[in-house]
Amino acid sequence: MGLPALEFSDCCLDSPHFRETLKSHEAELDKTNKFIKELIKDGKSLISALKNLSSAKRKFADSLNEFKFQCIGDAETDDEMCIAKSLQEFATVLRNLEDERIRMIENASEVLITPLEKFRKEQIGAAKEAKKKYDKETEKYCGVLEKHLNLSSKKKESQLQEADSQVDLVRQHFYEVSLEYVFKVQEVQERKMFEFVEPLLAFLQGLFTFYHHGYELAKDFGDFKTQLTISIQNTRNRFEGTRSEVESLMKKMKENPLEHKTISPYTMEGYLYVQEKRHFGTSWVKHYCTYQRDSKQITMVPFDQKSGGKGGEDESVILKSCTRRKTDSIEKRFCFDVEAVDRPGVITMQALSEEDRRLWMEAMDGREPVYNSNKDSQSEGTAQLDSIGFSIIRKCIHAVETRGINEQGLYRIVGVNSRVQKLLSVLMDPKTASEAETDICAEWEIKTITSALKTYLRMLPGPLMMYQFQRSFIKAAKLENQESRVSEIHSLVHRLPEKNRQMLQLLMNHLANVANNHKQNLMTVANLGVVFGPTLLRPQEETVAAIMDIKFQNIVIEILIENHEKIFNTVPDMPLTNAQLHLSRKKSSDSKPPSCSERPLTLFHTMQSAEKQEQRNSIINSSLESVVSSNANSILNSSSSLQPNMNSSDPDLDVLKPTRPNSLTPFRKAKALYACKAEHDSELSFTAGTVFDNVHPSQEPGWLEGTLNGKTGLIPENYVEFF
């Protein structure tokens, strides 16, 4: 029930009912007054909290903006560059959002606090003043009336009339005050319906504006978020493949550090203690020493490993002779004397062990007998790029493409090692290998066949893409734009020996077919790059830096798969000079629409959590296979690069001309897997799930042409699937 109305006619009667009704209105005004007072207090607290929140978020954004990622290696992949700039993008979004929040906070004081305080002061305060006046007049009227009624009737008539007039005057004034008070009370009750609620509505509108601004920011951020998500997934996949390689190298170094020493420009280097004569006697100072046999130069750097700082100036001398110190001639063990051409006296040095001393003396041509510590742990492999080798690879590819092209985790799931070795021994048997038409029996599992193919490639005396070109391929993958990368890799492939290039073409045609069926086998171009990069482009020396370059090895393989028709079926252009290459990059980035490969190198498809876990497990299994195979064949890695030794006209070595995958049949329907925002008028903008008509290859590499809502434009090839 609402409050009963206050009738002006009741003011004259001033009945108990009128007084009760008036009290209910007064109680409501007191309640409203207290509520508004608390609301103003809470509003100020809210504004203060919002200011503190905004300040904290700005500080958080500043911290994000200041942090810079430092990747391992001398170059970054496109995915790593996207991830590296992500923190600055996050900071920009947060700052933009906080700018709008500050505007909302500044507006809140004007639209919420000020109007509420004004209403409480001017309206409710005025009603309170009217009540005081009304109570005062009530007391005065009642007092005059009681006094008038106590007058004796024996008073003179003139006195009685004067008293009556005075009472009438007081009654009239009381009546007027009563009317004004009732009017004010009802006015305030009515005003609060809009003057109290309207500021709250304005405040909420400010909040809605702020949240809408955040929604718009989220929409604008959507494209970068999609690209970043893809880059994170690609980087995670590469990490999972690289981590096992690094761990394997670490274990090898633990087992035998000397066999995995880094190739150094120095003949010998390491820590030695050098005897120095002081006023109070002699002392032994730790130095990091290097020696070059050609120049006979010894460099000694005093260095304290505990503090990580140098303990003095470097010193270089020219070696004259090196002699082992007899044990009974000095208290210290593992000592030897060095004489220098440009320094008088003898320099006495202490090695860290007897073996260490022997190596130093051997390097300096000392008087100790020379023992060759570099054990040749590698032997010549039996795998060759001959007719047998081509026959083995062809048989494996034929078996995979006819029986297992759609198997999930193809080339990533590991076969049983004993079965793999048994299959290889059968395939490499000259009697079996000579039967070119004989297919691999169905009894062999697909995972065994794929593992045998990869193992055979690792058994070659050198990697298929050759040690001498390994750094060149890596440098090509590090170029700034995709066009330059493809062009440089195109040129390098045609510098490979004929047999190597033929085998690589055979393999890339096959991997392109595998990638075309990635919906079923889950092996995208990126996944195949992870599997075959370390096999086809393994470095001659195992180091952490080389392992960090595996991601670029993977990119090389991705480019070979995606551009296999152009690379193997066309003659490369003349190599560009540095100036021309720079101009080409600038022109490409300024005027040419970004190609599909300039966007994230690969795209992944949304899966259920179980599928993601299965894919992740397959990655780990593949990495383990790579480690096992690498250990089993590590004795092959230092052999010289293979040179062709057979006539290229050998019919067994002919490679079929690759055909374009049948995934781009002209004028088909296609569905978008991801959202894309057009950067040029010739491109189409679309969201995930959009269906295109009349989709067919375009003249632009990496792009398709299709129709959407009557408009024809370009669509990134890797962003859609056909149905």
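Everything that follows concerns the structure shown earlier in this document.
About the criteria used
Residues numbered from 1 in each chain as written. Predicted model: local features only at pLDDT ≥ 70, side-chain atom pairs only at ≥ 80, totals over all residues. Heavy atoms only, no water. Salt bridge = Lys/Arg side-chain N within 4 Å of Asp/Glu carboxyl O. Helix = DSSP H or I, 4+ residues; strand = E, 2+ residues; numbered from the N terminus. Buried < 20%, exposed > 50% of the residue type's maximum accessible area, 1.4 Å probe, protein only. Core = buried A, V, L, I, M, F, W, Y, C linked by side-chain atoms within 4.5 Å. Contact = heavy atoms within 4.5 Å. Pairing = 2+ DSSP bridges. Axes fitted to C-alpha atoms, helices over the stretch in contact; angles between N-to-C directions. Parallel < 35°, antiparallel > 145°, perpendicular 65-115°, else oblique. Nonpolar A, V, L, I, M, F, W, Y, C, P; charged D, E, K, R; others polar. Expected span 1.5 Å × (residues − 1). Phe/Tyr/Trp six-rings, centres within 6.5 Å; stacked < 30°, edge-to-face > 60°. Lys NZ or Arg CZ within 6 Å of the ring centre and 35° of its normal.

Here the structure, examined in full by the defined rule, presents 31 salt bridges. Arg243 is the partner of Glu247 in a salt bridge, and the nearest nitrogen-oxygen pair spans 3.6 Å. Taken together, the residues Glu247 and Arg243, both in helix H5 (residues 157-255) and four residues apart, mark about one turn of the helix. A salt bridge links Arg325 to Asp337; the nearest nitrogen and oxygen atoms lie 3.2 Å apart. Placement of the pair is Arg325 in the loop between strand S5 (315-324) and strand S6 (335-340) and Asp337 in strand S6, with a sequence separation of twelve residues. Taken individually, Arg325 and Asp337 each receive the classification buried, so the pair is uniform in this respect. Residues joined by salt bridges that share partners form a network here, namely Lys184, Glu187, Arg191 and Glu195.

This brings us to the nonpolar core. In this structure, Leu504, Phe532, Leu536 and Leu560 are the most contacted members of the largest nonpolar core, which totals 66 residues. Looking at this core element by element, the count peaks at nine residues for helix H13 (residues 498-516). Those residues in contact with Leu504 that lie beyond four places of it in its chain are Leu464, Met465, Val493, Leu496, Leu536, Leu560 and Phe568. Of all hydrophobic cores here, the second largest spans 36 residues; its members include Leu22, Ile105, Val177 and Val188.

This paragraph deals with the pairing of S5. Examined bridge by bridge, strand S3 (residues 297-304) and S5 share four bridges and lie antiparallel to one another. When the bridges of S5 are listed, Ile298 appears paired with Val317. The pairing of S5 with S6 spans five bridges and is classified as antiparallel. If you follow Leu319 over to S6, its bridge partner there is Ala340.

A few words on the packing of helix H11 (residues 467-477) against helix H17 (residues 550-562). Each packed pair of helices is defined by two parameters, the angle between the axes and the distance between the axes. Two numbers describe how H11 lies on H17: the axes approach to 9 Å, and their chain directions differ by 80°. When the axes of H11 and H17 are compared, the pair comes out roughly perpendicular. Across the interface between the two elements, Gln470, Phe473, Ile474 and Ala477 from H11 touch Phe552, Gln553, Ile555 and Val556 from H17. Each residue belonging to the contact of H11 with H17 can be placed in one class, and the counts come to six nonpolar, two polar and no charged.

Turning to unusual backbone geometry, a few remarks are in order. Residue Tyr411 is not a glycine yet carries a positive backbone phi of 70°. Among the structural elements, Tyr411 can be located in the loop between helix H7 (387-403) and helix H8 (417-427).

On to helix H10 (residues 446-459). In this model, H10 (14 residues) spans 20 Å end to end at C-alpha, consistent with the 20 Å of a helix rising 1.5 Å per residue. The buried fraction of H10 amounts to 13 of the 14 residues, a majority that puts the element mostly inside the structure.

Among the six residues of strand S10 (residues 703-708), five are classified as buried, and the element is accordingly described as predominantly covered. By the bridge criterion, three bridges tie strand S9 (residues 691-697) to S10 in an arrangement that is antiparallel. Note on S10: the bridge partner recorded for Pro697 is Leu704. Relative to strand S11 (residues 711-716), S10 runs antiparallel, the two being bridged by six bridges. Within S11, the position partnered with Thr707 by the bridge is Thr712. Hairpin connection of S10 to S11: two residues between the antiparallel strands, including Asn709 at a positive phi of 55°.

Here Cys289 is to be found in strand S2 (residues 281-292). Of the residues examined, Cys289 reaches a relative accessible area of 1% and is grouped as buried. C-alpha separation for the pair Cys289 and Gly270, spaced 19 residues apart in sequence, amounts to 5.5 Å. Sequence-distant contacts of Cys289, defined by excluding residues within four places in its chain, comprise Met268, Glu269, Gly270, Leu272, Thr299, Met300 and Trp360.

With respect to the helices and strands, Thr290 occurs in strand S2. Contact partners of Thr290, with chain neighbours within four places excluded, come to Tyr266, Met268, Glu269, Gln297, Ile298, Thr299 and Trp360.

This paragraph deals with the packing of aromatic side chains. Under the criterion given, the structure shown has eleven aromatic pairs. Between Tyr411 and Phe532 the ring centres are 5.1 Å apart and the planes differ by 65°, which places this aromatic pair in the edge-to-face class. Here Phe532 lies in helix H15 (residues 525-536) and Tyr411 lies in the loop between H7 and H8, a separation of 121 residues in the sequence. For Lys286, the ring lying beneath its charged end belongs to Tyr271, and the centroid distance is 4.9 Å. The ring of Phe552 has Lys478 lying over it, and the distance from NZ or CZ to the ring centre is 5.1 Å.

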